[in-house]
Amino acid sequence: MKLILSIAKWVLALFFSSTILAVVAYRFIPVYVTPLMVIRCFQQVGNGESIKLHHSWKSLDNISPHLPVAVMASEDQRFLIHHGFDFDAIQKAAKRNMKPGKRKLGASTISQQTAKNVFLWPGRSWTRKGFEVYFTALIELMWSKQRIMEVYLNSIEMGDGIYGAEAVADYHFSKDASDLSRAECALIAASLPNPRKMDSSRPSSYMRKRQHTIEREMRFIPKFPKEGEDYDPETTSGGIYHKKK
């Protein structure tokens, strides 16, 4: 029994030390590959397809300023003011999902999606969800909101074999991520619920409808703050930014 307890103690110590070090490292180091990218490559090989992996890291300063606003409008409007988990959205989703015949809603924040994309695997098991909560808490504690958004926009799946803002800008719009227009950013955000089926380069009427909805919501979200700026939602109807003291 003592041996088992000793092994368990060392395993836990190794887990916590390695995961914390990984989160600290990714606070500064670009994320060039994620578990999902690797999984998709194996799936392509298993299906007899050639490997498709398009990804190029870009700093947040070199991504269109419209894209952070678009993904917040679409995915997580309270991103700047919550601490990783939007409990209001979770409660609303739970109530809706209990009603029969209703389309199921998710309530994952951008922080949760970033944690999942960078450190975990796809799935809905309680084990994976538990790890997601753990990593979300870590990145919210150790990363700025700007870093979370930067990693999110570089790691999220945005098409079949396409990951991140630079790759989708290149393959779907033939331009750099920094040159994406407001409408194009809204269209990319409209594809995120299912980017392998919702192609932002060939949008369906449903995607166009989502795009217009997102563009309307973007009017109520100020531009994304730069590193060193705070967001104050109480000062004006849309919130303002001011330098940290």
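Refer to the structure above for everything that follows.
All values reported here derive from a predicted model rather than from experimental measurement.

Kindly report on the pattern of salt bridges, identifying the contributing residues and their values.
Overall, the coordinates contain 11 salt bridges when judged by the stated rule. For E132, the salt bridge goes to R128, with nearest N and O atoms at 2.9 Å. Of this pair, E132 and R128 both sit in helix 6 (residues 126-142), separated by 4 residues, roughly a single helical turn. Both residues of the pair, E132 and R128, count as buried. Notably, a salt bridge pairs E132 with K129, separated by 3.2 Å at the nearest N-O pair. Of this pair, E132 and K129 are both found in helix 6, 3 residues apart, which corresponds to roughly one turn of the helix. A network of salt bridges, in which partner residues are shared, links R40, E157 and R196.

Describe unusual backbone geometry, naming the residues involved and giving the relevant values.
Located in the positive-phi region is S174, a residue other than glycine, with phi close to 55 degrees. With respect to the secondary-structure elements, S174 resides in the loop between helix 8 (165-173) and helix 9 (182-191). Residue classification places S174 among the exposed residues on the basis of a relative accessible area of 67%.

Go over the sheet that holds strand 1 (residues 54-55) with me, naming the residues and quoting the values.
Ordered in space as 1-3-2, the 3 strands form an open sheet in which the pairing is mixed. With one partner strand each, in any of the chains shown, strand 1 and strand 2 (157-159) form the two edges of the open sheet. With 2 bridges connecting them, strand 1 and strand 3 (residues 162-163) associate as parallel partners. In the sheet register, H55 faces strand 3, and the bridge partner there is Y163.

Kindly report on the environment of P195, identifying the contributing residues and their values.
Mapped onto the fold, P195 is located in the loop between helix 9 and helix 10 (205-218). Leaving out residues up to four positions away in the same chain, P195 has contacts with E157, M158, G159 and D160.

Mind laying out a nonpolar patch on the surface, listing which residues take part and the relevant values?
Nonpolar side chains collect at one region of the surface, where L12, F16, I20, V24, F28 and I29 lie side by side and expose about 550 Å² of accessible area between them. Residue classification places F16 among the partly exposed positions, given a relative accessible area of 38%.

Describe the side chain of D76, naming the residues involved and giving the relevant values.
By secondary structure assignment, the location of D76 is in the loop between helix 3 (66-75) and helix 4 (87-97). Apart from residues lying up to four places away in sequence, D76 is in contact with V71, H82, D86, T109 and I110.

Could you give an account of the packing of aromatic side chains, naming the residues involved and the relevant values?
Under the definition given, this model contains 10 aromatic pairs. Both rings, one in W121 and one in F131, keep their centres 6.2 Å apart while their planes meet at 65 degrees; by these two values the pair is edge-to-face. With a gap of 10 residues between them, W121 in the loop between helix 5 (110-119) and helix 6 and F131 in helix 6 connect regions that are remote in the sequence. Judged by relative accessible area, which is 28%, F131 ranks as partly exposed. Here the aromatic cluster, defined as three or more aromatic residues joined through ring pairs, consists of F15, F16, Y26, F119, W121, F131, Y134, F135 and W143. Over the face of the ring belonging to F28 we find R27, whose NZ or CZ atom lies 5.5 Å from the ring centre. Residue placement shows K145 over the ring face of F79; its charged tip is 4.5 Å from the ring centre.

The rules we used
- Residues numbered from 1 in each chain as written.
- Predicted model: local features only at pLDDT ≥ 70, side-chain atom pairs only at ≥ 80, totals over all residues.
- Heavy atoms only, no water.
- Salt bridge = Lys/Arg side-chain N within 4 Å of Asp/Glu carboxyl O.
- Helix = DSSP H or I, 4+ residues; strand = E, 2+ residues; numbered from the N terminus.
- Buried < 20%, exposed > 50% of the residue type's maximum accessible area, 1.4 Å probe, protein only.
- Pairing = 2+ DSSP bridges.
- Contact = heavy atoms within 4.5 Å.
- Patch = residues over 30% accessible without salt bridge, like charges linked within 9 Å, V, L, I, M, F, W, Y side chains within 5 Å.
- Areas by Shrake-Rupley, 256 points an atom, 1.4 Å probe, with all protein chains shown as cover.
- Phe/Tyr/Trp six-rings, centres within 6.5 Å; stacked < 30°, edge-to-face > 60°.
- Lys NZ or Arg CZ within 6 Å of the ring centre and 35° of its normal.

From the geometry alone we can't say anything about function, so treat these as descriptive.
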